[in-house]
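# A look at the structure
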Amino acid sequence: MSRLIALRNAIRARPYLVDLVIAALTFAVTATGPQAGHPKYALPLTTATVVLGGVMCGALVFRRIWPRTVLAVTVGALAVHLAVNGARSALDLVPAVAMATLATHNPRRVAWIAGAISALVLAVVRLIFTDVSWFGPELAGQLAWIAMATAAGDSVRSRRAYVAAVEERALRAEQTREEEAERRVMEERLRIARELHDVLAHHIALINVQAQVASHVLDDEPAQARVALGHVRQAGRAALDELRTTVGLLRRPGSTEELPTEPAPGLDRLPELISSFTTAGLKVDCHLQGTPRPLPSPVELTAFRVVQEALTNVSKHAGAASTRVLITYGQRDLTVDVSDDGRGGKDHALPGQDHAVTTSGHGLLGMRERALSVGGTFSVGPSLGRGFRVHAVLPAPRTSAL
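Residues numbered from 1 in each chain as written. Predicted model: local features only at pLDDT ≥ 70, side-chain atom pairs only at ≥ 80, totals over all residues. Heavy atoms only, no water.

It is worth spelling out the overall build of the chain at this point. Assigned secondary structure in the chain consists of 11 helices and 5 strands. Considering only intrachain contacts with a sequence separation of at least 6, the fraction spanning at least 24 residues in the chain is 67%. (Helix = DSSP H or I, 4+ residues; strand = E, 2+ residues; numbered from the N terminus. Contact = heavy atoms within 4.5 Å.)

Below, the structure written as structure tokens:
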């Protein structure tokens, strides 16, 4: 099998050498082949016929470059041979080879038109210069040669077109699979980055605030400093626990090192979240409107993360601010609104918003991506007064409740 493949590749690498061999063999067959079995069909070996046969067979060397010209030359030379010698010969094979080549490299319509013209020319010449009749076997054989050559060439062309189409579809499918895999990888990377940011930013912000408190009161009020350091230790432990849970989700299923995971946080953990901020000194006023009901897990997680990131931003950027968290259960949606009365306005940034934020973090982008991923809307901007407001509307129809 490997030798056949190597031979096929060698032939494809030298097409004109192959055409030269075909031309030589065709000339040998037409000149000497039929003499033993059918002497009357033998090509007379005169100087004129040898030159004529050489021109016809030599033209086959260029059949791939100029298929139409080669067909015209071979048909014309055969017509001259019929007009001069007035007899059938094995030279009838040469236009058939040229016709098959033209049909292989041209559209079907062009091939059959060329075949019809060639057959008509040869039939008229044969009728005029020979003694064959309209329904004689010689004329039928001439037409059959051209028709079979055209059909064979068209079949080869169709097969090559089919193979090329199959290969193109396979290549396109492979490219599509690669693009889809790359898209999924990018989406997963964004999801992981967003999850890690949301998990760590909150606790690190609390650690930073409590560490500043401890540093400020360490000399004058050591008891309060110890309390602050206790909050630092608690926030650090919570950050490690959540980080361990997140990393556990990324491990390969079935791995011996896979860690147990806990349910994704939802609005039921909102009091605990707000308590962690109030302990750090942030004033948070939380209100619920409407009748609480079970919501889809993605919506619960998104709402929780929006509140978490919004409060984290307030603690980092708004200074000594009072914050209002409003959760509204509507008939078909859940509204999350977090506003503060701190510095606001230009201390936060989100691309595409009129009131842009100047921080370099990814929290607002992450909130926006989370809201859009569940089919909701997200907006930020200055609140009434001089503070900042985060507003998200998440789809939560009653029919989709768990």
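A few words on helix α9 (residues 270-279). Within the sequence span of α9, burial applies to Leu-270, Leu-273, Ile-274 and Phe-277. Burial along α9 is one-sided: seen end-on, the buried residues are contained in an arc of 95°. Of the exposed residues in α9, those oriented more than 90 degrees away from the buried face are Pro-271 and Glu-272. (Buried < 20%, exposed > 50% of the residue type's maximum accessible area, 1.4 Å probe, protein only. Arc of directions from axis to C-beta.)

This part covers the packing of helix α5 (residues 93-105) against helix α6 (residues 108-129). Put simply, α5 and α6 touch, their axes get as near as 8 Å, and they point 160° apart. For the element pair α5 / α6, the angle class is roughly antiparallel. The two elements α5 and α6 meet at a crossing, and its hand is right-handed. Contacts from Met-99, Leu-102 and Ala-103 of α5 reach α6 at Val-110, Ala-111, Ala-114 and Gly-115. For the contact of α5 with α6, the residue count by class is 6 nonpolar, 1 polar and no charged. (Axes fitted to C-alpha atoms, helices over the stretch in contact; angles between N-to-C directions. Parallel < 35°, antiparallel > 145°, perpendicular 65-115°, else oblique. Left-handed = near helix turned anticlockwise from the far one by under 90°. Nonpolar A, V, L, I, M, F, W, Y, C, P; charged D, E, K, R; others polar.)

Moving on to the nonpolar core. With 37 residues, the main nonpolar core has Leu-267, Val-307, Leu-311, Ile-327, Leu-334, Val-336 and Val-390 as its most contacted residues. Put simply, the parts of the chain that give this core at least two residues each are α7 (137-217), α9, α10 (297-317), β2 (322-329), β3 (333-340), α11 (363-373), β4 (377-382) and β5 (388-395). In terms of residue count, α10 provides more of this core than any other element does, 8 residues in total. In contact with Val-336, other than residues within four places in its own chain, are Ala-303, Val-306, Val-307, Leu-326, Ile-327, Val-390, His-391 and Ala-392. With 28 residues, the next largest nonpolar core counts Ala-79, Leu-91, Ala-96 and Ala-111 among its residues. (Core = buried A, V, L, I, M, F, W, Y, C linked by side-chain atoms within 4.5 Å.)

A regular strand places its side chains so that they alternate between the two faces of the sheet. For strand β1 (residues 283-289) and β2, the ladder comprises 7 bridges, and the chain directions are parallel. What sits directly across from His-287, in β2, is Leu-326. Pairing of β2 with β3, which is carried by 7 bridges, proceeds in the antiparallel orientation. Each residue of the ladder has a partner; that of Thr-323, found in β3, is Asp-340. The antiparallel pairing of β2 with β3 creates a hairpin that spans 3 residues between the two strands. (Pairing = 2+ DSSP bridges.)

Turning next to a nonpolar patch on the surface. Among the surface-exposed residues, Leu-17, Leu-20, Val-21 and Leu-25 lie close enough to one another that they form a single nonpolar patch of about 380 Å² accessible area. Note on placement: Leu-25 falls in helix α2 (residues 15-32). For Leu-25, a relative accessible area of 54% gives the class exposed. (Patch = residues over 30% accessible without salt bridge, like charges linked within 9 Å, V, L, I, M, F, W, Y side chains within 5 Å. Areas by Shrake-Rupley, 256 points an atom, 1.4 Å probe, with all protein chains shown as cover. Salt bridge = Lys/Arg side-chain N within 4 Å of Asp/Glu carboxyl O.)

Bringing the confidence of the model for the chain into the picture now. Across the chain, the average pLDDT comes to 76, with 75% of residues at 70 or higher. Every residue in residues 252-261 is under pLDDT 50, and counting partners more than four places away or in other chains gives 11 contacts. pLDDT under 50 marks residues 345-360. Its contacts with residues more than four places away, or in other chains, come to 40 contacts. (pLDDT = per-residue confidence, 0-100.)

What follows is about the side chain of Glu-309. Of note, Glu-309 is situated in helix α10. For Glu-309, a relative accessible area of 2% corresponds to the buried category. With sequence-adjacent residues up to four places away left out, Glu-309 is seen in contact with His-197, Asp-198, Ala-201, Gly-363 and Met-367.

The space that makes up the largest pocket amounts to roughly 450 Å³. Surrounding the largest pocket, 21 residues form its lining, His-203, Gln-234, Ala-238, Glu-272 and Ser-276 being those nearest its centre. Residue contributions to the lining of the largest pocket peak at 7 residues, all from helix α8 (residues 222-250). (1 Å grid on protein atoms, 1.4 Å probe; cavity = no way out; pocket = protein on both sides within 12 Å on 5 of 7 lines; lining within 4 Å. Points joined across faces, edges and corners; volume = space filled by probe spheres on them.)

Mapped onto the elements of the fold, Asn-106 is located in the loop between α5 and α6. One polar contact links Asn-106 to Arg-68, side chain to side chain, over a distance of 3.2 Å. Within the local environment of Asn-106, its side chain forms a polar contact with the backbone oxygen of Leu-102, the two atoms lying 2.9 Å apart. Beyond its immediate sequence surroundings of up to four residues, Asn-106 is in contact with Pro-67, Arg-68 and Arg-157. (Polar contact = N/O pair within 3.5 Å; in protein donor to acceptor, adjacent residues only side chain to side chain.)

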